[in-house]
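Chains, contacts and geometry: an overview
Listed here are the chains, written in short residue letters.
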Amino acid sequence: MKKEKRPNWHKYFLEMSFLVSQRSTCLRRKVGAVLVKNNQIISTGYNGAPKGVPHCAEVGCLRERLQVPSGERHELCRGVHAEQNAIIQAAVNGTSIKDSVLFCTHHPCSICAKIIINSEIRQIIIANDYPDKLAKEMLKDADLEIFLYNIDKDELKRV
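A brief report on the enclosed structure follows.

Scoring rules and cut-offs
- Residues numbered from 1 in each chain as written.
- Predicted model: local features only at pLDDT ≥ 70, side-chain atom pairs only at ≥ 80, totals over all residues.
- Heavy atoms only, no water.
- Helix = DSSP H or I, 4+ residues; strand = E, 2+ residues; numbered from the N terminus.
- Rg over C-alpha atoms; globule rule 2.2 N^0.38 Å.
- Buried < 20%, exposed > 50% of the residue type's maximum accessible area, 1.4 Å probe, protein only.
- Contact = heavy atoms within 4.5 Å.
- Phe/Tyr/Trp six-rings, centres within 6.5 Å; stacked < 30°, edge-to-face > 60°.
- Pairing = 2+ DSSP bridges.
- Axes fitted to C-alpha atoms, helices over the stretch in contact; angles between N-to-C directions.

1. Digging into the overall build of the protein
For the protein, the count of helices and strands is six helices and six strands. For the protein, the succession of helices and strands along the chain, N to C, is α-β-β-α-α-α-β-α-β-α-β-β. Taking 15 Å as the expected radius of gyration for a compact globule of 159 residues, we find that the protein reaches 16 Å, a close match to that expectation. Referenced to the eigenvectors of the C-alpha coordinate spread, the extents of the protein come out at roughly 55 × 40 × 35 Å. The burial tally for the protein puts 42% of its 159 residues in the buried class. Put simply, 54% of the contacts in the protein that link residues at least 6 apart link residues at least 24 apart.

Structure below.
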């Protein structure tokens, strides 16, 4: 009998974050997030307009219109970030995320970094970097572990 190779937990949850990102309504970058505790998914989120608000696909991208560079002026966006939505959904459902692990398609921005730190998430595993120096500084100052995971090579590297 041939033994199938099962994905490790990092690959399993990070690939799920990419699946979740397919629900994104953002025109610039599709981001997905999965919050995990004890190898169990407790919440997911993707980036897009708040509930009941027209999606950017319908009204256009404010950041594009204002020519806001990537990694800057995060408040100038109609969308709620994937990390924020995962945290919000856990709260709506009454689920504690303290000591959880966040798997995300991209490195969090500075706004998400502050929320993640205060949510007491203990670790972040990402597949892609994001150009936000302040986010990196705050997460480092908070001693929050961040790892870049290369899915193709099955390599985990501390950021």
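That shown, we press on.
2. Let's talk about the packing of aromatic side chains
The geometry of an aromatic ring pair is captured by two quantities: the separation of the ring centres and the angle between the planes. Across all of its chains, the model carries four aromatic pairs by this definition. Here the aromatic rings of Phe13 and Phe103 are separated by 5.3 Å at their centres, their planes lie at 45°, and the arrangement is tilted. On the criterion of sequence distance, the pair formed by Phe13 in helix H1 (residues 9-21) and Phe103 in strand E3 (residues 101-106) is long-range, its members being 90 residues apart. Judged by relative accessible area, Phe103 falls into the buried class, the value being 5%.

3. Examining helix H5 (residues 110-119)
For an α-helix, 3.6 residues make a turn, and residues three or four places apart therefore share a direction. Those residues of H5 that sit buried are Ser110, Cys112, Ala113, Ile116 and Ser119. With its phi angle positive at about 65°, Glu120 sits one or two positions after the end of H5.

4. Focus: the sheet that holds strand E1 (residues 32-37)
Strand order in the open sheet made by the six strands is E2-E1-E3-E4-E5-E6, with mixed pairing throughout. One side of each edge strand has no neighbouring strand; the edge strands of this open sheet are strand E2 (40-46) and strand E6 (155-158). The mean inter-strand angle of the sheet, taken between neighbouring strand axes irrespective of direction, is 25°.

5. A closer look at the pairing of E1
Where burial is concerned, most of E1 is hidden: five out of the six residues are buried. Taken together, the six bridges between E1 and E2 define a ladder with antiparallel strand orientation. Along E2, the bridge assignment pairs Lys37 with Gln40. Here E1 folds back onto E2 in antiparallel fashion, the turn holding two residues, of which Asn38 has a positive phi close to 55°.

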